[in-house]
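Structural overview
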Amino acid sequence: MSREQRSWAEPYKIKVVEPIRMTTRERRNKALEEAHFNSFLLRSEDIYIDLLTDSGTSAMSDYQWAGMMMGDEAYAGSKNFYNLQDKIEKYYGYPYVVPTHQGRGAEHLLAQLLIKPGDVIPGNMYFTTTKVHQELAGGTFVDVIIEQAHDPTSLHPFKGNIDIGKLKDLIYKVGAARIPYVNLQACVNMAGGQPFSLANLKELRQLCGQFGIKIILDATRAMENAWFIKRREPGQSKRSCAEILYEICSLTDGCIMSGKKDLLVNMGGFLALRDEKIYGKACELVVIYEGLHTYGGMSGRDMEAMARGIEEAIQDDHLRARIGQVQYLGQKLLDANIPIVEPIGGHAVYLDANRFLSHIPQNEFPAQALTCALYLDFGIRTMERGLVSAGRNSKTGQHHPSQLELVRLTIPRRVYTQAHMDVVAETTIACHHARKSIAGLRMTYEPDKLRFFQAHFQPIGSWTNSFSSEYPILQDPLLELANTIF
Ligand SMILES: *Cc1c(COP(=O)(O)O)cnc(C)c1O
């Protein structure tokens, strides 16, 4: 019997543990107030289960930790860099690699290298830092994801796909000369962790080839995308995720990568390219902003941990358990009729706050309010992905419209157990029962860029003080019997 015929049990056992602590409700009220009702401003010590992000929060293996001791901290030409480069070429196929401190370091280099003022960069839905770097370089992002991605109830298996028709229209409208590249994100974060299909990428390749437009992959979660292709795309089930990943990359011209996601490390990223000339320019630029081209923003030991992380993360067994855990949580919520984005994504379960809190208008930030309720109820930290994250249009002064109003329950890799997922599901269900006592928020401080990180809020009508959910207390079934005896 093969493993695939059994449950997704983790392909590892636990060797080191880190204690976590449940706080009192009183403490959580105070902590949330001190954090201005923004989960990004909470202290980690005040959190029981931290589902803020899967970024840099993974558990490293003994093999990776052993690699940390093998750090070659030479300023130039560290052996860990060459190992990292080898692994990237082996699994992603790109020959030229520039390490950066994290994904946005690579986004910065890419945008400065390829975008001219007035350019247009199509992509399958925006990502926060990606879009800002495009704008800082004088470009404008245009969303060309398929319509179904904006509908949290659509069961399209590849909601990360690019709408080829929309892209064609854009090319005819602005001209190919103004489109330096298409930004193709794997497992689209803002759409709920939704993959693109190989078939869609092949069509995209053909169209871009015709017009001489590059395709840059945001490979941050490309391995997880490969898993969905293996599971959902006709004819792919017999292939390994490694083979699929390699094919994905072979259809693109380069990638930016946040190693903090797929690659099981706490820090690091890279820009990888096929074009030697652009690589040369990237080497010039990285020295100014990050560090020499053989370490960029990383220490030798971090590059080693990431090189080893690539080998572990691409294993089918790992991806099966990782995504299996996310599906487990999502299915529990679906079974309890909690409105979530479907299909369940690869790295997170997204609550649909528009349906969960349908009594709160979007300009009172229902998703942000729901993150507060989940925290108050049981110390679960989550993230808003809705109107606050979308930001404000600096020209019109209006919020950028966001059809989706979501709360992301993001699962770190190899960190929590199935029992933690049960507690998270119970908390969410409890908040859903008590949803009528949740009200909206007012924004009281708003930074110009990426406001969701540091914005301040106040609960409308002080609902957070009185909010309480009720969940049945689990009793030992023998307690009643014991009471009759004693
Ligand atoms: C996290 C992320 C980034 C940025 O990477 P950082 O390592 O956080 O700087 C870029 N794209 C996607 C899709 C991401 O999830």
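None of these values were measured; they are calculated from a predicted model. (Residues numbered from 1 in each chain as written. Predicted model: local features only at pLDDT ≥ 70, side-chain atom pairs only at ≥ 80, totals over all residues. Heavy atoms only, no water.)

**Structural notes on the overall build of the chain**
As a reminder, the rule being used: In DSSP terms, a helix is any run of H or I states spanning at least four residues, a strand is any run of E spanning at least two, and both are numbered starting from the N terminus. Radius of gyration means the value over C-alpha atoms here, while the globule rule gives 2.2 Å times the residue count to the 0.38 power. Using a 1.4 Å probe on the protein chains alone, a residue whose accessible area is under 20% of its type maximum counts as buried, one over 50% counts as exposed, and one in between counts as partly exposed. Whether two residues are in contact is decided by their heavy atoms, any of which lying within 4.5 Å being enough. Note on areas: Shrake-Rupley with a 1.4 Å probe; residue coverage comes only from the protein chains shown. Counted as positive: Lys and Arg. Counted as negative: Asp and Glu, with His and the chain ends omitted from the count. Lys charges are placed at NZ, Arg charges at CZ, Asp charges at CG and Glu charges at CD.
Broken down by element type, the chain carries 18 helices and 14 strands. Rg of the C-alpha trace for the chain: 23 Å, near the compact-globule value of 23 Å for 486 residues, within the 12% margin. Taken over the C-alpha atoms alone, the chain extends approximately 80 × 55 × 45 Å along its principal axes. Considering the chain as a whole, with its 486 residues, one finds that 58% of them fall into the buried category. The contacts of the chain with a sequence gap of at least 6 include a subset with a gap of at least 24, amounting to 73%. Taken as a whole, the chain presents about 20,800 Å² of accessible surface, with 52% of it coming from carbon and sulfur. Of the side chains in the chain, 53 bear a positive and 55 a negative charge, and the two mean positions are spaced by 2 Å.

**Observations regarding the pairing of strand 9 (residues 348-352)**
Note the following rule: We call two strands paired when DSSP finds no fewer than two bridges between them.
Of all five residues in strand 9, five are buried; the element is thus mostly enclosed. Across the two faces of strand 9 the burial is the same, with A348, Y350 and D352 and V349 and L351 all buried. Direction of pairing for strand 9 relative to strand 12 (residues 406-410): antiparallel, over a ladder of five bridges. Paired with L351 across the two strands is V407, which belongs to strand 12.

**Observations concerning the site of the ligand**
The criterion, for reference: To be near a molecule or strand, a residue needs just one of its heavy atoms within 4 Å of it. Counting of polar contacts relies on pairs of N or O atoms within 3.5 Å, with two restrictions inside protein: one atom must be capable of donating a hydrogen and the other of accepting it, and residues adjacent in sequence are counted only when both atoms are side-chain atoms.
Close contacts around the ligand come from 14 residues, with Q102, R104, D218, S258 and K261 the closest. Here D218 contributes a side-chain N or O atom positioned 2.7 Å from a nitrogen atom of the ligand. Within the contact set of the ligand, an oxygen atom lies 2.7 Å away from a side-chain nitrogen or oxygen of S258. With the chains in place, 97% of the 370 Å² that the ligand exposes on its own is no longer accessible. Per-element accounting of the shell around the ligand gives the leading share, three residues, to helix 4 (residues 103-114).

**Let's talk about the domain arrangement of the chain**
Going by this rule: Residue ranges assigned to each domain were obtained from an automatic or database domain assignment. Defined here as a combined quantity, buried area equals the accessible surface (1.4 Å probe) lost by two parts on assembly, summed across both. We count a salt bridge whenever a side-chain nitrogen from Lys or Arg sits within 4 Å of a carboxyl oxygen from Asp or Glu. When residue character is reported, Ala, Val, Leu, Ile, Met, Phe, Trp, Tyr, Cys and Pro are called nonpolar, Asp, Glu, Lys and Arg charged, and the others, Gly included, polar.
Assigned domains of the chain: these are domain 1 (25-54 + 316-481) and domain 2 (62-313). Each of domain 1 and domain 2 has a C-alpha centre, and the two are 28 Å apart. Every contact between the two is made by 33 residues of domain 1 and, on the other side, 40 residues of domain 2. Around 2,800 Å² of area is buried between domain 1 and domain 2 when both sides are counted, 58% of it from carbon and sulfur atoms. Applying the counting rule to domain 1 against domain 2 returns five salt bridges. Between R221 and D54 there is a salt bridge; the shortest N-O distance is 2.8 Å. Between the two partners, domain 1 and domain 2, sit 15 residue pairs in polar contact (both at pLDDT 80 or more). The dominant element in the side of domain 1 that touches domain 2, judged by the number of residues it contributes, is helix 12 (residues 316-335), at seven residues. Looking at the side of domain 1 that touches domain 2 residue by residue, the classes come out as 13 nonpolar, eight polar and twelve charged.

**A word on helix 14 (residues 366-378)**
What counts is decided by this rule: Under the convention used throughout, the expected extent of a helix is 1.5 Å for every residue step, that is, one less than its residue count.
Across its 13 residues, helix 14 extends 19 Å between first and last C-alpha, which sits within 8% of the 18 Å expected from 1.5 Å per residue. Most of helix 14 sits inside the fold, with twelve of its 13 residues counted as buried. By the burial criterion, the buried members of helix 14 are P366, A367, Q368, A369, L370, T371, C372, A373, L374, Y375, L376 and D377. Phi for G379, located one or two positions after helix 14, is positive at around 70°.

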